[in-house]
Amino acid sequence: MIEVDEKVLNTYVEKAKSGSLNGLKQLLAIFRSACIPSGDMNDNRRTSQFNVNSPEVYELTMTKTIETVYVSMHKILNISSNQSGGGGLSAAAISHLSHNPKWKKVEVLVLSFFKSLLHTIASLADNQATSQQAQVLTYLISSMENYIPLLGSMHRLTNTVIKVLIGIWSIDRSNSEKSKETKEEENTSDTRGHAFLRIRQIAILLPGAITEDCFRSVYLAFTRHCKSYNDTTSSSVNFMIACIIELYKVDVQLAYQLGFIYVRQLGLYLRTAFNKKTTESVKQLISWQYINCLRAWASIVSAIPLTNDKGLGELAFPLIQIMLGVLSVAPSNVNIPTKLHLIGFMQQISANCKVFVPTTPKLVEILECPELSSKP
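Nothing here was measured: the structure is a model prediction, and the numbers come from that model.

**Q** What am I meant to see in the overall build of the chain here?
**A** When helices and strands are tallied, the chain shows 18 helices and two strands. Out of the 376 residues belonging to the chain, those deemed buried represent 46%. Surface accessibility of the chain: about 19,100 Å² in total, with carbon and sulfur atoms responsible for 52%.

Written as structure tokens, this is what we have:
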């Protein structure tokens, strides 16, 4: 077994930079040894010929490999860089990767690189306890920018990358920890923001149905993590909604198609409550998860109204009907805070989509509530 030091590492880095396929393989073998120690229970590979023990060498291995591998792959594939295409590759180069005569040899190396990198990212995300670990995680996620285009013809690996990124984006760790230090919260938000940027990059650059996968996965992750709304979680919920809006602006037509489906699902829950009229069905409608989904679509429709025959403005009418339906299903004065949220959503849609929504009678009804004028 070869003990990796700076000299050994630099030797293979130079070979990889020159376009040597064997040099790139050896560099990735060192990288995998650093990312996945041989004692890892989930590591089924053969014993590596390299060993990385020194923390300084480990750091050099991570940074130099990340900076070198994509350059080496471009050289081997004889691809010219075009910064306008994102990640150093043009859109045409991304779509024709699988037709490159040397792609089969490089494809295995791309898979090896991402497996090693995702293993480290997942480990840091599961055990993120310090601000330094958060900074390392942010760096690794950010460094994926130059490698995303290489996923153009690797749909299965792309789905794995999306799953890992969404797992990081959707969990607000700064709120789950007891410590509320400002610096730690900033590091966590920075990590989540970089994870979203990579998801958005995948949706923009990669061909095929990848964009729809990103759109669906992001919204469904939001629905799973919006089950509360208070001083602690409101910033996270609003952050996720802002990200969904930014992502859906990438393809407004696809956003409308998915929006139609998801708004219809919200309507089906309302119809079930009307038909059954049970306590459980009504509770589901006034739960924070349901209200936050309405909050999300009110914000999305308001941010992308109908302009030049493009936009989500046509979803305003069914969305408002659902909100009015929820108000009628839950008339109890206990639900006044919920009513105020829904009225706020309708006024937001009204202002941005230029439609009239009669919210005044609902507000007057709340003001005339006897409980508000009686003694406490």
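Having put the structure on the table, let's press on.
**Q** Would you mind showing me how to read the pattern of salt bridges here?
**A** When the charged atoms of two side chains lie near each other, side chains of opposite charge can form a pair. Here the structure, examined in full by the defined rule, presents two salt bridges. In this structure, E107 and K104 form a salt bridge, with 3.9 Å as the shortest nitrogen-oxygen distance. Here E107 pairs with K104, and both are found in helix 5 (residues 103-126), just three residues apart, close to one helical turn. By relative accessible area, K104 is classed as exposed at 63%. In this structure, the salt-bridge partner of R216 is E212, at a minimum N-O distance of 3.1 Å. Remark: E212 and R216 occur in helix 10 (residues 210-224); sequence separation between them is four residues, near one turn of the helix. Look at R216 and you get partly exposed, because its relative accessible area is 29%.

**Q** Sorry if this is basic, but what is going on with the nonpolar core here?
**A** Nonpolar side chains in soluble globular proteins tend to be buried together. Core analysis: the biggest nonpolar cluster contains 119 residues, and W169 and Y248 have the highest contact counts within it. Counting residues per element, this core draws most heavily on helix 5, which supplies 11 residues. Contacts of W169, omitting those with residues within four sequence positions, involve R192, A195, F196, I199, V218, A221, F239, M240, C243 and I244.

**Q** Help me out: how do you make sense of the side chain of T65 in this one?
**A** Structurally, the position occupied by T65 is in helix 3 (residues 55-77). Note on T65: relative accessible area 0%, which makes it buried. Of the polar contacts made by the side chain of T65, one reaches the backbone oxygen of T61; its length is 2.5 Å. Residues contacting T65, with those up to four places away along its chain left out, are L27, L28, F31, L60 and Y147.

**Q** Teacher, can you tell me more about the confidence of the model for the chain here?
**A** Parts of the model with low pLDDT should not have their predicted coordinates read in detail. The predicted model of the chain averages 87 in pLDDT, with 89% of residues at 70 or higher. Note that residues 177-181 has pLDDT below 50 and, in this model, seven contacts with residues that lie over four places away or in other chains.

**Q** Please explain unusual backbone geometry as it appears in this structure.
**A** Across the chain, the bulk of peptide bonds are trans and the bulk of non-glycine residues have phi less than zero. With a phi angle near 60 degrees, N78 is a residue other than glycine that sits in the positive phi range. Position of N78 relative to the elements: it lies in the loop between helix 3 and helix 4 (91-95). One non-glycine residue with positive phi stands out, namely K354, at about 60 degrees. Along the chain, the position of K354 falls in the loop between helix 16 (336-353) and helix 17 (360-367).

**Q** Explain helix 3 here, please?
**A** In this model helix 3 runs 33 Å from its N-terminal to its C-terminal C-alpha over 23 residues, within 8% of the 33 Å that 1.5 Å per residue would give. The largest bend along helix 3 measures about 30 degrees and falls at T65. Taken as a whole, helix 3 has its buried residues at V57, T61, M62, T65, I66, T68, V69, S72, M73, H74, I76 and L77. In this structure, the buried side of helix 3 is in contact with helix 1 (6-17), helix 2 (21-35), helix 5 and helix 6 (131-143). Looking one or two places after helix 3, you find N78, whose phi comes out positive at around 60 degrees.

**Q** Looking at this structure, I do not really get the packing of aromatic side chains. What am I missing?
**A** Both the distance between ring centres and the angle between the ring planes are used here to describe each pair of aromatic rings. What the rule picks out here adds up to 13 aromatic pairs. Relative to F114, the ring of F113 lies with its centre 5.7 Å away and its plane at 85 degrees, an arrangement referred to as edge-to-face. Accessibility expressed as a relative area gives 0% for F114, which makes it buried. Plain terms: the ring middles of Y229 and W288 are 5.5 Å apart, the flat faces sit at 40 degrees to each other, and that makes the pair tilted. Here W288 lies in helix 14 (residues 288-303) and Y229 lies in the loop between helix 10 and helix 11 (234-248), a separation of 59 residues in the sequence.

What counts as what
- Within any chain, residue numbers begin from 1 and follow the written order of that chain's sequence.
- Given that the model is predicted, a residue must reach a pLDDT of at least 70 before its local features are reported, and side-chain atom pairs must reach 80 or more before they are shown or counted; all residues, however, enter totals for whole chains, interfaces and linings.
- Side-chain metrics rest on all non-hydrogen atoms present in the structure, leaving aside hydrogens and water.
- Each helix corresponds to a stretch of at least 4 residues labelled H or I by DSSP, and each strand to a stretch of at least 2 residues labelled E; elements are numbered beginning at the N terminus.
- Residue exposure (1.4 Å probe, protein chains only): buried if accessible area is under 20% of the type maximum, exposed if over 50%, otherwise partly exposed.
- Each accessible area is a Shrake-Rupley result for a 1.4 Å probe, and residues are judged covered by the shown protein chains and nothing else.
- When a carboxyl oxygen of Asp or Glu lies within 4 Å of a side-chain nitrogen of Lys or Arg, that pair is called a salt bridge.
- Side-chain atoms within 4.5 Å are what join buried Ala, Val, Leu, Ile, Met, Phe, Trp, Tyr and Cys residues into a set we call a nonpolar core.
- Contact criterion: two residues are considered in contact whenever any of their non-hydrogen atoms come within 4.5 Å of each other.
- Side-chain atoms alone can form a polar contact between residues adjacent in sequence; in general such a contact is a pair of N or O atoms within 3.5 Å, and within protein one must be able to donate a hydrogen while the other accepts it.
- Per-residue confidence from the prediction method is given by pLDDT, with values spanning 0 to 100.
- Each residue after the first adds 1.5 Å to the expected span of a helix.
- We define the bend at each residue as the angle formed by axes fitted to the 7 residues ending at it and the 7 residues starting at it.
- For this analysis, a ring pair means two rings from Phe, Tyr or Trp (six-membered ring only for Trp) whose centres lie within 6.5 Å, classed as stacked if their planes differ by under 30 degrees, edge-to-face if by over 60, and tilted for the remaining angles.

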